[in-house]
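Listed here are the chains, written in short residue letters.
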Amino acid sequence: METKRTSTKEIIAYLVEKFPGCFSLEGPVKPLKVGIFQELAEQLAEDETVSKTRLRQALRHYTSSWRYLKSIKLGAYRVDITGAEVAEIDQEQADYASKTLKESQEKFGNKINKDKAAKKPYKGNSKGENSAGKVSNKPSKDDSKFKTVKSKKQSPVKPAIKLKPIEDSALTVGGKVKVQLGNSPLDAIITEVMGKDVSVQLNSGMVVKTQAKNIFTE
């Protein structure tokens, strides 16, 4: 009897072993077809080494990596579990992947900068304390900024897209919907429905688990 895979790293390595034309650990990454989770779940239904929950988590981790997001480019093709090309990446999908990659890299970069700042030696406080421990009464440059700041015109707000909560009967695998993640609704395809829990795949290929209350139609 094979040992059950529990860590994301182990499961991804197992997917590379089972579906070499689809997954890879190093080098170029192939964009995955929308809805591939369902195919993988069916193929591994009798496989006791990988649970459905762990499979979903591993797939989400794989499609959120920088290496994967860089593969979502205009003109590239998505593949199925055999490695066969099934759909071409369009401009919208490429733009979304590029935006997601940029946000992830900026978040990582900000974290590194914060860690570096936290390790720097203490050099006085915000009240203008100098190296001798005395407080200066001279106004700082930052203080003068507050006196010269002028109000800026706010940019016009774009009209919000009118969405309707989806009916339970419309929650079907393969259905095209809008999913509310953050401030903007995103296009997605339903890949799995488990009661009020719904898994969807975004245009970037990323699989996200959410609840039915966050699923809408136009």
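- For the protein, the name recorded in an unreviewed UniProt entry is RNA chaperone ProQ, with Thalassotalea profundi as its organism.
- In its Subcellular location (unreviewed entry) section, the UniProt entry covering the protein states "Cytoplasm".

## Some remarks on the packing of aromatic side chains
In this description, a pair of aromatic rings is defined by centroid distance and the angle of the planes.
Here comes step 1: The tally for this structure, following the rule as stated, stands at two aromatic pairs.
Here comes step 2: With centroids separated by 5.9 Å and ring planes inclined at 55 degrees, the aromatic side chains of Y62 and Y68 adopt a geometry described as tilted.
Here comes step 3: Aromatic rings pair up to connect F23, Y62 and Y68 into one cluster.

## Considerations on helix α2 (residues 36-43)
Here comes step 1: For α2, the set of buried residues is I36, F37, L40 and A41. Burial along α2 is one-sided: seen end-on, the buried residues are contained in an arc of 140 degrees. What points out from α2, more than 90 degrees from its buried face, is the exposed set E42 and Q43.
Here comes step 2: Close packing links the buried residues of α2 with α3 (52-64), β1 (77-79), β5 (184-194) and β6 (197-202).

## A closer look at the pattern of salt bridges
Here comes step 1: Following the criterion strictly, the structure yields two salt bridges and no others.
Here comes step 2: Across the pair K33 and E39 runs a salt bridge, and its minimum N-O distance is 2.7 Å.
Here comes step 3: With relative accessibility at 22%, the residue E39 sits in the partly exposed group.
Here comes step 4: Salt-bridge contacts for K178 lead to D187; the nearest nitrogen and oxygen are separated by 2.6 Å.
Here comes step 5: With relative accessibility at 28%, the residue D187 sits in the partly exposed group.

## Details of the side chain of Q93
Here comes step 1: The residue Q93 is located in helix α5 (residues 91-119) in this model.
Here comes step 2: Once residues within four sequence positions are removed from consideration, Q93 is found in contact with I72, R78, E88 and N203.

## What about the packing of α2 against α3?
Here comes step 1: The geometry of α2 relative to α3 is characterised by a closest axis approach of 11 Å and an angle of 145 degrees between their N-to-C directions. Taken as a pair, α2 and α3 cross one another with a handedness that is right-handed. On α3, the residues touching I36, F37, L40 and A41 of α2 are K52, L55, R56 and L59.
Here comes step 2: Residues that form the contact of α2 with α3 fall into these classes: six nonpolar, no polar and two charged.

Rules used in this analysis
- Residues numbered from 1 in each chain as written.
- Predicted model: local features only at pLDDT ≥ 70, side-chain atom pairs only at ≥ 80, totals over all residues.
- Heavy atoms only, no water.
- UniProt positions renumbered as here; feature names shortened; annotations may be inferred.
- Phe/Tyr/Trp six-rings, centres within 6.5 Å; stacked < 30°, edge-to-face > 60°.
- Buried < 20%, exposed > 50% of the residue type's maximum accessible area, 1.4 Å probe, protein only.
- Helix = DSSP H or I, 4+ residues; strand = E, 2+ residues; numbered from the N terminus.
- Arc of directions from axis to C-beta.
- Contact = heavy atoms within 4.5 Å.
- Salt bridge = Lys/Arg side-chain N within 4 Å of Asp/Glu carboxyl O.
- Axes fitted to C-alpha atoms, helices over the stretch in contact; angles between N-to-C directions.
- Left-handed = near helix turned anticlockwise from the far one by under 90°.
- Nonpolar A, V, L, I, M, F, W, Y, C, P; charged D, E, K, R; others polar.

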